[in-house]
Amino acid sequence: MCGIVGYAGRDRAAEILFEGLKKLEYRGYDSAGISTRDRGEIFTAKRGGRVEGLRLSLKELKGTVGIGHTRWATHGEANDANAHPHAFGRFAVVHNGIIENHAELRAELRAAGHVFASQTDSEVVAHLLDFYYEGDLADALRLACARLKGCWALAVLCADFDGFAVTRRGSSLILGRGEGFMAASDICALGGRSAFYCVPEEGDIALVTPSGIEIFDAELSPVGRAFSPVRDVEPDSDKGDCPHYMLREIGQNARTVRATCASVARLPGLKEVHSRLGAADRIALLGCGTAYNAALAGVRLLGGAYDACVTAHIASEARFDPPGLTARSVCIAVSQSGETADTVMAARAAREAGAYLVAVTNVGYSAITRVADKVIPVCAGTEICVAATKSYVGQLACLHILASPGRADVRAAQLLKAADGIERVVADGSRALEIARLCVRSRAVFFIGRGADADAAVEGSLKLKEVSYIFSDGYPAGELKHGTLALVDESVLAIVLITDEGLAEKCENAVEQILSRRGRVAVVTTLADVHRRLSPRTDAAWLLPPAPAHLSHFLTAAALQLVAYRAALLRGCDPDKPRNLAKSVTVE
Ligand code: M6R
């Protein structure tokens, strides 16, 4: 998945596109490029590496119309040749998505004399446009798209057209209207220039020129699409005083819980969702990565509140092995971006099976909101860091409220107390640094816990490996002795979460098993007794503010996010843009 942006207006396009790409860089940062058009000529600058690498070339990009791209490599390595835009004939193209039948199309076009310059799937689009072009850009795009399989958001510059064309299928695309006319993968790239935005329908083709935007359906009949004020969804993409987005966003955990409670506990239609859940035969939660880890926590929460069989599924698996949903089932799809292809596809499949679809998402205009019967908003605000932090605690807050039929207000009040606790954890992060130092000295880090702490352990492990590249894994503490203990020696650290008095003794057994194999141990606990007992015997012990067991997950999440952040810095890693990753994964 990548980020695309286009501009047509009165100002020089290159700088506007450059600023837009910087905002989209969270979507991929393997290479970047811009093409502009001026008096029938296309100018292109592109190269491997970050968007910043384009800065010196901007002055060479003439014109007030152009398109840009920041790439997360899927086909072909991250080098200059594979950077977008891809040009052929009179066209330059940027693409977010995957063209699944690119090899077949490439062979066909080669046979017709086309010579390819990159290893990307995307380049075939420029060649197809050239193949079908008879003077009408929109028609060539329609014909080219009819040959494609996969998913795409495309922006196309044509030497003969004073503007650019865009279309989408399965990938995100937003149109913007204000000072000039724009298109982008995310509203954040509309850069304060657009007062109104519109999400075109699947298959729509839009022609964007310095004088306006014309939208057509897939058959090229003109269609009207509603524009909404951008201020309603104004992104907050400022780092503030923080050196990294990750730290800023961890600092917004408490605010996220408060905002989510205020919004969800009084959400119109919440009663209907509660009664659907109450009547369900099955409740299946779906997600990927951190969102899946939130779904794991959701199983415990919803399983304790409803009679239905409650299960969590990795979305990429659920799509092809659906969890047996019926018209009486509820599917809860969890996704920060609402654009994750695996989650959107699995959610669609659940709906096709007849299930009532609830989307727990942070982006109110995202793809998943268009398939859902009901959207439960995670009110985290824009999350820029690739590692999910505040969106995770927001997802947990939503799941708590979904698990509180008839007493959402009571649960919301408890969550507000948890928010106060999070603030205290974040304000006193000195222990995080101590534990991070142990992490960076270790060959591997195992996160363990019991009950809800086991779910928190899995997420803590994902966070650490994602931003610091230290090998880690998360387990229920009791599982350690069934295999993983074989790996434990003095070069291994176990981070042990203990927040439930009823399970503390069993967790302490696991600590003993590790210590007797000379493994290192860091304890993270909300229980003063546990802290008192274990701190003299372990390498580090962090006493978090007291919290009831069912809410302690919020505190351990924040604590482990801080540990991961500190470990990334100690290892010289950029926590906001981990290598090989991107924020929203819009390809399968
Ligand atoms: O936008 P989504 O919540 O659907 O994204 C799912 C995962 O790609 C995401 O949570 C990923 O695992 C994060 N980088 C984890 O920090």
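Data block above holds the structure.
Residues numbered from 1 in each chain as written. Predicted model: local features only at pLDDT ≥ 70, side-chain atom pairs only at ≥ 80, totals over all residues. Heavy atoms only, no water.

Student: Looking at this model, I keep getting lost on the overall build of the protein chain. Mind explaining?
Tutor: Scanning the protein chain from terminus to terminus reveals 18 helices and 24 strands. Here the C-alpha atoms of the protein chain give a radius of gyration of 25 Å, agreeing with the 25 Å that 2.2 N^0.38 yields for 588 residues. Oriented by its inertia axes, the alpha-carbon framework of the protein chain measures out at about 80 × 50 × 45 Å. At a minimum sequence separation of 6, the contacts of the protein chain that also span at least 24 residues come to 71%. Accessible surface, the protein chain: about 21,800 Å² in total, of which carbon and sulfur atoms supply 49%. Put simply, the protein chain has 66 plus and 69 minus side-chain charges, and the middle of one group is 4 Å from the middle of the other. (Helix = DSSP H or I, 4+ residues; strand = E, 2+ residues; numbered from the N terminus. Rg over C-alpha atoms; globule rule 2.2 N^0.38 Å. Contact = heavy atoms within 4.5 Å. Areas by Shrake-Rupley, 256 points an atom, 1.4 Å probe, with all protein chains shown as cover. Lys, Arg positive; Asp, Glu negative; His and termini not counted. Charge placed at Lys NZ, Arg CZ, Asp CG, Glu CD.)

Student: Mind showing me how you'd approach the pairing of strand S13 (residues 212-216) here?
Tutor: If a strand is regular, its side chains alternate between the two faces of the sheet. Taken together, the five bridges between strand S12 (residues 205-209) and S13 define a ladder with antiparallel strand orientation. The partner of Leu 207 across the bridge, within S13, is Glu 214. (Pairing = 2+ DSSP bridges.)

Student: Can you help me understand the sheet that holds strand S21 (residues 472-476) in this one?
Tutor: Each strand in a sheet pairs with another by means of backbone hydrogen bonds, the pair being arranged parallel or else antiparallel. Pairing is parallel across the open sheet formed by five strands, whose spatial order is S21-S20-S22-S23-S24. Since the sheet does not close on itself, it has two edges, and those belong to S21 and strand S24 (540-543), each with one partner. Pairs of neighbouring strands in the sheet enclose a mean axial angle of 15 degrees, with direction left out of account. In this structure, strand S23 (residues 520-525) lies alongside S24, joined through four bridges in parallel fashion. Looking across to S24, one finds that Thr 525 is bridged to Leu 543. Its contacts with the sheet place helix H14 (residues 430-440) against strand S20 (444-449), strand S22 (492-498), S23 and S24, and it is angled at close to 150 degrees to S24. Relative to the sheet, helix H16 (residues 501-515) contacts S20, S22 and S23, its axis offset from that of S22 by approximately 170 degrees. (Axes fitted to C-alpha atoms, helices over the stretch in contact; angles between N-to-C directions.)

Student: What should I look at first to understand the side chain of Gln 395 in this one?
Tutor: With respect to the element layout, Gln 395 can be found in helix H12 (residues 390-402). The residues touching Gln 395, leaving out its near neighbours within four places in the chain, are Thr 290, Ala 291, Ala 294, Val 334, Ser 335, Gln 336, Val 360 and Val 378.

Student: I would appreciate a short explanation of the side chain of Lys 390 in the present structure.
Tutor: Inspection of the secondary structure assignment puts Lys 390 in helix H12. Buried and unpaired, Lys 390 has Glu 249 as its nearest opposite-charge partner, separated by 4.9 Å. Within the structure, the side chain of Lys 390 is placed 2.7 Å from the backbone oxygen of Ala 380, a separation counted as a polar contact. Not counting residues within four places of it along the chain, the set of residues in contact with Lys 390 comprises Glu 249, Gln 252, Asn 253, Thr 256, Ala 380, Gly 381, Thr 382 and Glu 383. (Buried < 20%, exposed > 50% of the residue type's maximum accessible area, 1.4 Å probe, protein only. Salt bridge = Lys/Arg side-chain N within 4 Å of Asp/Glu carboxyl O. Polar contact = N/O pair within 3.5 Å; in protein donor to acceptor, adjacent residues only side chain to side chain.)

Student: For this particular structure, what's the right way to read the sheet that holds strand S7 (residues 150-158)?
Tutor: Taking strand neighbours across the sheet as the criterion, the six strands line up as S5-S6-S7-S8-S12-S13 in an open arrangement whose pairing is antiparallel. What marks the edges here is a single partner per strand, and that holds for strand S5 (86-88) and S13. Strand after strand, the sheet turns through a mean of 20 degrees between neighbouring axes, direction not considered. One ladder, built from four bridges, connects strand S8 (residues 164-169) with S12; its direction is antiparallel. Residue pairing in the sheet places Phe 164 in a bridge with Val 208 of S12. Contacting S5, strand S6 (91-99) and S7, helix H3 (residues 123-132) crosses the sheet at an angle of about 130 degrees to S6.

Student: Is there a simple way to explain the site of the ligand in this structure?
Tutor: Residues in contact with the ligand amount to 13 residues; listed here are only the nearest, Ser 335, Gln 336, Ser 337, Thr 340 and Glu 466. At 2.7 Å from an oxygen atom of the ligand is found a side-chain nitrogen or oxygen belonging to Ser 337. Separating a nitrogen atom of the ligand from a backbone N or O atom of Val 386 is a distance of 3.0 Å. The element contributing the most residues to the shell around the ligand is helix H8 (residues 289-303), with three residues. Here the shell around the ligand is built from residues that sort into five nonpolar, six polar and two charged. (Near = heavy atom within 4 Å. Nonpolar A, V, L, I, M, F, W, Y, C, P; charged D, E, K, R; others polar.)

Student: In this structure, what is going on with H14? I would like to understand it.
Tutor: The periodicity of an α-helix, 3.6 residues per turn, causes residues three or four places apart in sequence to face the same way. Within H14, burial applies to Ala 432, Ile 435, Ala 436, Leu 438 and Cys 439. Down the axis of H14, the buried set is contained in an arc of 155 degrees. They therefore lie on one face. The inward-facing, buried residues of H14 contact S20, helix H15 (452-468), S22, S23, S24 and helix H18 (552-570). (Arc of directions from axis to C-beta.)

Student: Got a minute to help me understand the pattern of salt bridges in this structure?
Tutor: Scanning all chains against the criterion turns up 30 salt bridges. Of the charged contacts in the structure, one is a salt bridge between Glu 25 and Lys 577, with a shortest N-O distance of 3.9 Å. Residue Glu 25 is found in the loop between helix H1 (13-24) and strand S2 (31-38), and its partner Lys 577 is found in the segment after H18; the two are separated by 552 residues along the sequence. Given a relative accessible area of 6%, Glu 25 falls into the buried group. A salt bridge links Arg 193 to Glu 179, with the nearest nitrogen and oxygen atoms 3.8 Å apart. One end of the pair, Arg 193, is in the loop between strand S10 (180-184) and strand S11 (194-198); the other, Glu 179, is in the loop between strand S9 (174-178) and S10, and 14 residues separate them in sequence. Take Arg 193: its relative accessible area is 17%, and that puts it in the buried class. If you follow the salt bridges from partner to partner, you end up with Asp 11, Glu 179 and Arg 193 in one network.

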